[in-house]
Amino acid sequence: MKVAVCIKQVPAKDAPLQITDSGAWIRETDIGFEMNEPDSFALEEALRLKEKHGGEVVALSMGPQRTKQVIKEALAKGADRGIHLEDDKFFLLDPLSSAKSIAAALKKDNFDLILTGLQSDDQGFGQTGVLLAELLGLAHATIIMQIELQGQRLKLKRELESGWFQWVELPLPAVLTIQSGINKVRYASLKGIMAAKKKEIAVIMRESLGIAGEPTQRVERIYVPQKAKRTEFIDGSPKEAAAKLLEKLRHEARVL
Amino acid sequence: MKILVITEQREGKWNPVGFETLVAAQQIAATQTGSRVTPAVIGKDVRGLAEELAANQVAEVLLVEHDLLKRYTPDGFAIALRQAIAQLQPDLILLPHTYQVRDYAPKLAASLDKGMIADCVGYRAEKERIVFVRQMFQGKTAADVTFIGAPPWFVSFQAGAFRGDQVSRGATRAPITAIKTDLRPEQIRTTPLELFREAKQAVDLTQAPILVAVGRGIKAPENIPLAAKLAKLMGGELAASRPICDEGWLPMDRQIGSSGQTVAPKLYLALGISGAIQHVVGMKGSRTIVAINKDQNAPIFEVADYGIVGDIFELIPALTEALEKTK
């Protein structure tokens, strides 16, 4: 089975975010980046499918030079080769334009299965997987918690809201978006890291994909949100703060 | 401006978030001259639900029915709704940001080569345009987003962004228009099977008056008992954000958020929870929210009534000791 995994590189979870003066994006200097967490679960699922059924895992990422790091990480964990849509023109595209670029890059490989995380931890559009399916003419299912391969069909456990799940079946080839927590993600071994150095990463520029089309939406500015509530901050030593908080909960909010 | 609202039902029961989206549509319509709000209901044997919608202040109700729409499939819903859109020619298509909408709406929009601004929390009507507000970086920042190019424009609104009980009722009943839906079995690639719930719920957190919830900040499973003890002293139950349950540190039935339970206790104490949107939608209705987090910019503080910026491993013992003393 030939599986592609779409992986995004996002600012590290604990990175202090500072918005640029123009409000267009965050300051990228001095912060760390990491593999988007939902995508790391998708990668793990792809590697497990390969271990069980054979085939190939291809790790794709889109973004500036720094993005190559997450492809290398995927190769170190066991992906066979990488595709890097490395072009400043791929940076901060709207969801449809992003998906059109990725779809064009994936098209000629005829993958049996394309996996993505359910959303990214930075922009959080949560659309890429579904858009890829539509653009490539494939069946899809989202927020997947279990994958069973049954010949040329997949049996999938979809997560719904409020603790509900549903089994669905669909034919290959297909696109799935993977829910966090579907598996336990592996670490790269030293051997894997060494082996990754010999693996191929194909670099693709936007012009070569022949994509036309204007963006459908524009992020005008990002900013620190206005508070929905006025928060009363309590300070002091842990002991003082604890005492003050309990006092307020008992006599002000009257909930204790 | 013609606004189409796609409501959501399953087995004849409303998903209440659809009414919040209807309220959003009514409010947006009030800012644009000559606006018409048209809600649609999609499924099989859902005329009764269309009748309910017709009592609201809307121009008309679209009834999108077909045998093949009895159970949700992304192919079936996208094809049928494309036909409804072709007939109505709306400028703006509003949807509740449910798991189901996430599954088909981007596909529906892309099939028309249109974009979708998903998971919005609000809007601002400005001169000749509407700015949609959504969150980024798990709620740490907000973003103003606008459409480029010709309509229709697709927008989904997060649960809780509008109040469903503020829906305006109509003076007269709106007409119901049945859409001629052309759908063939071979167009639907997904086979939906049974719906089920995982193992029985051991605890019903929705009934607990006090919840003490832990997030990633608890760091390791061996630290959970610290929070459990505090919960017990406060007379509450222990709850968690999704990553804690994913790790198996607490069972899934203690998970609060969009994929877990929605709760509104009188007191919600969030320990080391950053406050990602998916968690906040499950607890923001709580009467009093207390957040303790080492990151003063954590989005959880946006919904907190009381906040302490500090180390939970100092504050949990301090609270525990203080409570033990007063017992």
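Residues numbered from 1 in each chain as written. Chains lettered and ligands numbered in written order. Predicted model: local features only at pLDDT ≥ 70, side-chain atom pairs only at ≥ 80, totals over all residues. Heavy atoms only, no water.

### Some thoughts on the overall build of chain A
Okay, step 1: Counting secondary structure elements, chain A contains 7 helices and 13 strands.
Okay, step 2: Taken over the C-alpha atoms alone, chain A extends approximately 65 × 45 × 40 Å along its principal axes.
Okay, step 3: Classification of the 256 residues of chain A by burial places 55% in the buried group.
Okay, step 4: Across chain A, contacts joining residues at least 24 apart in sequence account for 69% of those joining residues at least 6 apart.
Okay, step 5: Summed over all atoms, the accessible surface of chain A reaches about 11,300 Å², with 51% contributed by carbon and sulfur.
Okay, step 6: For chain A, the distance from the average position of its 37 positive side-chain charges to the average position of its 35 negative side-chain charges is 3 Å. (Helix = DSSP H or I, 4+ residues; strand = E, 2+ residues; numbered from the N terminus. Buried < 20%, exposed > 50% of the residue type's maximum accessible area, 1.4 Å probe, protein only. Contact = heavy atoms within 4.5 Å. Areas by Shrake-Rupley, 256 points an atom, 1.4 Å probe, with all protein chains shown as cover. Lys, Arg positive; Asp, Glu negative; His and termini not counted. Charge placed at Lys NZ, Arg CZ, Asp CG, Glu CD.)

### Re the domain arrangement of chain B
Residues and elements named next belong to chain B.
Okay, step 1: Parsing chain B into structural domains produces domain 1 (2-187) and domain 2 (205-326).
Okay, step 2: In this structure, domain 1 and domain 2 have C-alpha centres spaced 34 Å apart.
Okay, step 3: Contact residues are listed per partner, giving 9 residues for domain 1 and 10 residues for domain 2.
Okay, step 4: Together, the buried faces of domain 1 and domain 2 total about 760 Å²; carbon and sulfur atoms form 53% of this surface.
Okay, step 5: For the domain 1 face of the interface with domain 2, the top three residues by lost area are Tyr99, Gln138 and Lys140, together amounting to 54%.
Okay, step 6: Here domain 1 and domain 2 share 0 residue pairs in polar contact (both at pLDDT 80 or more) between them.
Okay, step 7: Considering only residue class, the side of domain 1 that touches domain 2 consists of 2 nonpolar, 5 polar and 2 charged. (Domains from an automatic or database assignment. Buried area = accessible area lost by both parts, 1.4 Å probe. Polar contact = N/O pair within 3.5 Å; in protein donor to acceptor, adjacent residues only side chain to side chain. Nonpolar A, V, L, I, M, F, W, Y, C, P; charged D, E, K, R; others polar.)

### Comments concerning the interface of chain B and chain A
Okay, step 1: Opposite the 80 residues of chain B that make contact, chain A presents 82 residues.
Okay, step 2: For the pair chain B and chain A, the summed buried surface comes to about 7,400 Å²; carbon and sulfur atoms form 54% of the total.
Okay, step 3: Per-residue buried area on chain B facing chain A is highest for Tyr99, Phe137 and Tyr306 of chain B; these three make up 10% of the total on that side.
Okay, step 4: Where chain B packs against chain A, one counts 6 salt bridges. (Salt bridge = Lys/Arg side-chain N within 4 Å of Asp/Glu carboxyl O.)

### Regarding the packing of helix α3 (residues 74-88) of chain B against helix α4 (residues 99-111) of chain B
All names here are of chain B.
Okay, step 1: Across the interface, α3 lies against α4 with an axial gap of 9 Å and an inter-helix angle of 50°. Classed by the angle they form, the pair α3 and α4 counts as oblique. Here the hand of the crossing between α3 and α4 comes out right-handed. Residue-level contacts link Pro74, Asp75, Phe77, Ala78, Leu81, Arg82 and Ile85 of α3 to Gln100, Asp103, Tyr104, Lys107, Leu108 and Ser111 of α4. (Axes fitted to C-alpha atoms, helices over the stretch in contact; angles between N-to-C directions. Parallel < 35°, antiparallel > 145°, perpendicular 65-115°, else oblique. Left-handed = near helix turned anticlockwise from the far one by under 90°.)

### Remarks on the nonpolar core
Residue and element names in this part refer to chain B.
Okay, step 1: By size, the foremost hydrophobic cluster in this structure holds 44 residues, and its most contacted members are Ile28, Leu94, Phe132 and Phe157.
Okay, step 2: Per element, the largest residue contribution to this core is 7 residues, and it comes from helix α1 (residues 17-31).
Okay, step 3: For Ile28, the contacting residues outside a window of four places in its chain are Ile3, Leu92, Leu94, Tyr123, Ile130, Phe132 and Phe157. (Core = buried A, V, L, I, M, F, W, Y, C linked by side-chain atoms within 4.5 Å.)

### A closer look at the side chain of Thr177 of chain A
All names here are of chain A.
Okay, step 1: When you line up the elements, Thr177 lands in strand β10 (residues 174-178).
Okay, step 2: In terms of polar contacts, Thr177 uses its side chain to reach the backbone amide nitrogen of Ile143, at 3.0 Å.
Okay, step 3: Residues within four places of Thr177 in sequence aside, it is in contact with Thr116, Gly117, Leu118, Gly129, Val130, Ala141, Thr142, Ile143 and Ile144.

### Re the sheet that holds strand β1 (residues 2-6) of chain B
Okay, step 1: Spatially, 10 strands are ordered β12(A)-β9(B)-β8(B)-β7(B)-β10(B)-β6(B)-β1(B)-β4(B)-β5(B)-β11(B) in an open sheet, and the strand pairing comes out mixed. The strands lining the two open edges of the sheet, one partner per strand, are β12 (217-223) of chain A together with β11 (176-178) of chain B. Along the sheet, successive strands turn relative to each other by an average axial angle of 35°, direction set aside. (Pairing = 2+ DSSP bridges.)

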